[in-house]
Amino acid sequence: MASTIASTVAGIGSQVAASSAANAASENQQNILDRKQENQRQALIENTKRLQANKTRQLAQLRVSQAASGFREGSGTALAIFGDVESRIDEEINENTNRALDALGSIANQKKNLQFGDKVRKSAGRINVVSTLIGGATKYGQGYGANYDRTGSDPFGIYKKKQP
């Protein structure tokens, strides 16, 4: 019967240790995702600034080129070309922004999945502890009954008051 108690305590101890290890791993993964998300945000900000500066530079070069070739910037073909180039650059900026936002969304989903997994693992851990306790109590009861059947006396009778 002592081995049943020791086995039950050891089982619960190992479940608690496994749960602690899983909590540490989950917290580590959460920290990694937080850093990754912050890096992605910073990259989005920097890339957007860089692309906007590139847009300004390319449009300025186009104006200079058009002016040097005699086009009037504010009307006709020159304005249409300028508008097309600006539109193409804006589409490139939007595509880069959308890719970065998709990556941020993916990281956010990973964090939510991690949190959900934590909840499931915690619930399962509690259920396992209760199962171990029930299993230990059942084995202890079976051992107690087997001892009673074998000896015909209550093994804990020495702790009970004797009736006069």
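The sections below set out a description of the structure shown in this document. (Residues numbered from 1 in each chain as written. Predicted model: local features only at pLDDT ≥ 70, side-chain atom pairs only at ≥ 80, totals over all residues. Heavy atoms only, no water.)

Quick look at the pattern of salt bridges
Scanning the model with the defined rule gives five salt bridges in all. A salt bridge links glutamate 86 to lysine 55, with the shortest nitrogen-to-oxygen separation between them at 3.7 Å. With glutamate 86 in helix α2 (residues 76-151) and lysine 55 in helix α1 (residues 2-68), the pair connects residues that are 31 residues apart, well separated along the chain. With relative accessibility at 28%, the residue glutamate 86 sits in the partly exposed group. Between arginine 121 and aspartate 118 there is a salt bridge, with its nearest N and O atoms 3.0 Å apart. With arginine 121 and aspartate 118 both in helix α2 and three residues apart, this pair spans about one turn of that helix. With a relative accessible area of 23%, arginine 121 lands in the partly exposed category. In the salt-bridge network here, residues are joined through shared partners; they are Lys55, Glu86 and Asp90. (Salt bridge = Lys/Arg side-chain N within 4 Å of Asp/Glu carboxyl O. Helix = DSSP H or I, 4+ residues; strand = E, 2+ residues; numbered from the N terminus. Buried < 20%, exposed > 50% of the residue type's maximum accessible area, 1.4 Å probe, protein only.)

Thoughts on the nonpolar core
With seven residues, the main nonpolar core is built from Leu51, Leu59, Leu62, Phe82, Val85, Ile89 and Ile93. Residue assignment for this core shows that the elements contributing at least two residues are α1 and α2. It is α2 that provides the largest number of residues to this core, a total of four residues. When residues no more than four places from it in sequence are discounted, the contact partners of leucine 62 are Ile81, Phe82 and Val85. (Core = buried A, V, L, I, M, F, W, Y, C linked by side-chain atoms within 4.5 Å. Contact = heavy atoms within 4.5 Å.)

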